[in-house]
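Letter by letter, the chains look like this.
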Amino acid sequence: MPQDADATAKWTEIASLARVPGASAIRPLFAADPGRAERFTFHADGVTLDLSKTSLSPEVLRALLGLAGMRDVAGRRRAMASGERINATEDRAVLHMALRAPRGTFRALERDGAEDASASVNDTLEAMRAFTLRTHADQPYTDVLNIGIGGSDLGPQMVVRALHRHDSPMRAHWLSNADGHAWEALRHQLDPARTLVLVASKTFTTAETMSNAHLVRDWLRAALGEAGDRHLVALSTNRKATAAFGVPEDQVFGFRDWVGGRFSLWSAVGLSIALSCGWRAFERLLAGARAMDEHFLAAPDAENLPLLMALAEVWHVDGLGYGTRAVLPYDERLARFPAHLQQLEMESLGKRVTMEGLPVAHNTGAVVFGEPGTNAQHSFMQLLHQGTTPVPADIVLVARPDHHFPASHRLLLANGLAQAEALLRGRDAEEVRAEMLKSGRSAAEVEALLPHRLFPGDRPSTTILIPELTPFTLGQLVALYEHKVFCLGALWDVNAFDQWGVELGKQLASAILPELSGPVGPGHDGSTAALIGALKRLWPEGTGQG
Ligand code: F6P
């Protein structure tokens, strides 16, 4: 659908608001409105979103909400929830919300007639629950190894990293990269007799996952003979391929093609979470996501957390030209949260054509990166404070810790708050001069060092505050970002649910693979051909040259 005239007018309005001198300034907004913090802080079931430290003014926010109206975000949301095939380039519905919905909630229309999506979901959940409880009761395994990549690894691994405790039922391990070093390191830690192996792959064709799955199946069979196959579980939509691989039929947990890989941790792909953290944790994770779904579906635009985050991103990316965003969870347990968001956001929004296939008229997906605070401060925060281009930061704070070291938690929180405050307020010449003179520097030294020690300030950050990190609040947090991605797809008119951009590299890799141990065909660029030659010379025994 070409953007209609009203939406185009809104984009023009946003662009002209961004050109107003001082449009990126934040401090004057606080000075002009003592109630700004409260006015730009929003809540949903205990999740707090503070957008006040961005340059969103009431006028800018009004224009952005107008854009959301013109782009019919609400209508598109209804279309998603009712099972319309909004992933048009793959002719699929997008129903990850059905994965956490009570039975009977999602009567999604499938091609072959009406189907209650949540009924099939709940049947799978019931099977996962029974398997998890049986495994925990009988205790045949101490360790669970999840083999998968992308959404079949990042989401569950992030969650397990966040929720696993020393007394959790099973230890979890992860094999994702097509790199024998990873398996080499892992296999010495695992006892095949006590390890349950989950092969997580929506398609069950992903080269990296299948390569690792063969290595691990060989290891199980070498140690346990045919009984090794009983240690295999598959989490997949492709039952034919799981059977051909030797996974016992009663150990295949399925899902449907309307679950995108990066939205799949709530499906059978989350079995590693249930096994290693407990069924109750998995259930509460789904309940938290469900609570955020309900907020997203019902809250008015001006109070809708995912939409407001998306609008702030549009302002940053399109209005002000800030094409990168940092994610800084001030919680070690969320160490893999930035990695999960990298896939969720960049695979979804790294698009350059509209739903109609026309070139987009605006910038789209931001580059997302991050590390937990405070580690980030000793790594890349320098650039956020004094680099040439502002990089908006999401700062995630967890109020109450789950340990008995309150002083260390206070230190962590103080740093999270201080980073946001420093980005906002900066440091001017007067302040820097006074501090240096006080510390005994000469006037000449002060003037020489001054430019290096100034902080421009007015650098945006968004703070997300949750009361504590539990399965429920983690579910809320992840779903918040999922829905933000949906909103951005609607605002930018791109398909947030396909990922054609990953295909070319896969095809070229399968063409190059045989050439590493055989003749090299024509058609490579000079650099690639030369590098293949160099690899063959450097590793002759592995490339059929030895
Ligand atoms: O290559 C990208 C991708 O298709 C992701 O979208 C997906 O999460 C990942 O590969 C893994 O796919 P699968 O679960 O089918 O192995």
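Rules used throughout
Counting of residues starts from 1 at the beginning of each chain's written sequence and follows it residue by residue. Only residues with pLDDT of at least 70 are given local features in this predicted model, and only at 80 or more are side-chain atom pairs given and counted; all residues enter the totals for whole chains, interfaces and linings. The basis for every side-chain value is the complete set of heavy atoms in the structure, and neither hydrogens nor water enter the calculation. A run of DSSP states H or I qualifies as a helix once it reaches four residues; a run of E qualifies as a strand once it reaches two. Both are numbered from the N-terminal end. Both definitions apply: the radius of gyration is a C-alpha atom measure, and the globule rule equals 2.2 Å times residues to the power 0.38. Using a 1.4 Å probe on the protein chains alone, a residue whose accessible area is under 20% of its type maximum counts as buried, one over 50% counts as exposed, and one in between counts as partly exposed. Using a 1.4 Å probe, the Shrake-Rupley method yields the accessible areas, and only the shown protein chains count as cover for residues. The working definition used for a salt bridge is a side-chain nitrogen of Lys or Arg within 4 Å of a carboxyl oxygen of Asp or Glu. Any two strands between which DSSP finds at least two bridges are classified as paired. Comment: axis = line fitted to C-alpha atoms, over the contacting stretch for helices; angle = value between 0 and 180 degrees taken between N-to-C directions. UniProt positions are given in the numbering used here, feature names are shortened, and annotations may be inferred rather than shown by experiment. The contact definition used throughout considers only heavy atoms, calling two residues in contact when any of these lie within 4.5 Å. Between N or O atoms, a polar contact is any pair within 3.5 Å; within protein, one atom must be a potential hydrogen donor and the other a potential acceptor, and residues adjacent in sequence are included only when both atoms are from side chains.

Colleague: So what's going on with the overall build of the protein chain? Which residues, and what values?
Modeller: Along the backbone of the protein chain there are 21 helices and 13 strands. Relative to a compact globule of 546 residues, whose C-alpha radius of gyration would be 24 Å, the protein chain shows 25 Å and is just as compact. Counting only C-alpha atoms, the protein chain reaches 75 × 60 × 60 Å along its principal axes. The buried share of the protein chain, reckoned over its 546 residues, is 52%. Accessible area of the protein chain: about 24,100 Å², with a carbon and sulfur share of 56%.

Colleague: Give me the lowdown on the pattern of salt bridges, citing residues and values where you can.
Modeller: Using the criterion set out here, one finds 35 salt bridges in the structure. Put simply, Glu468 and Arg400 hold a salt bridge, and the shortest N to O gap is 3.4 Å. Taken together, the residues Glu468 in strand β13 (residues 461–468) and Arg400 in strand β12 (residues 393–400) connect sequence positions 68 residues apart. By relative accessible area, Glu468 is classed as partly exposed at 31%. The exposure class of Arg400 is partly exposed, given its relative accessible area of 45%. For the salt bridge of Glu431 with Arg427, the shortest nitrogen-to-oxygen distance reads 3.3 Å. Within the structure, one salt-bridge network assembled from shared partners comprises Glu313, Arg325, Glu345, Asp394 and Lys484.

Colleague: Quick rundown of the sheet that holds strand β6 (residues 171–175)? Include the residues and the values.
Modeller: With parallel pairing, five strands are arranged side by side in an open sheet as β6-β5-β7-β8-β9. Edge positions in the open sheet fall to β6 and β9 (252–254), since each of these has one partner strand only. Shown here is a sheet whose adjacent strand axes are inclined to one another by a mean of 20 degrees, direction ignored. Pairing of strand β7 (residues 195–200) with strand β8 (residues 232–236), which is carried by four bridges, proceeds in the parallel orientation.

Colleague: Residues and numbers for the UniProt feature "active site" (unreviewed entry) in the protein chain, please.
Modeller: The residues that UniProt annotates with the feature "active site" (unreviewed entry) are Glu347, His378 and Lys506. Look at the named residues: they lie 160 residues apart in sequence, and the longest C-alpha span between them is 35.9 Å, so in the fold they stay spread out. If you trace the backbone, Glu347 turns up in helix α14 (residues 337–349). When near neighbours in sequence (up to four residues on either side) are disregarded, Glu347 contacts Arg262, Gln342, Asp498, Gln499 and Val502. A polar atom in the side chain of Glu347 sits 2.9 Å from the side chain of Arg262. A relative accessible area of 70% means that His378 is categorised as exposed.

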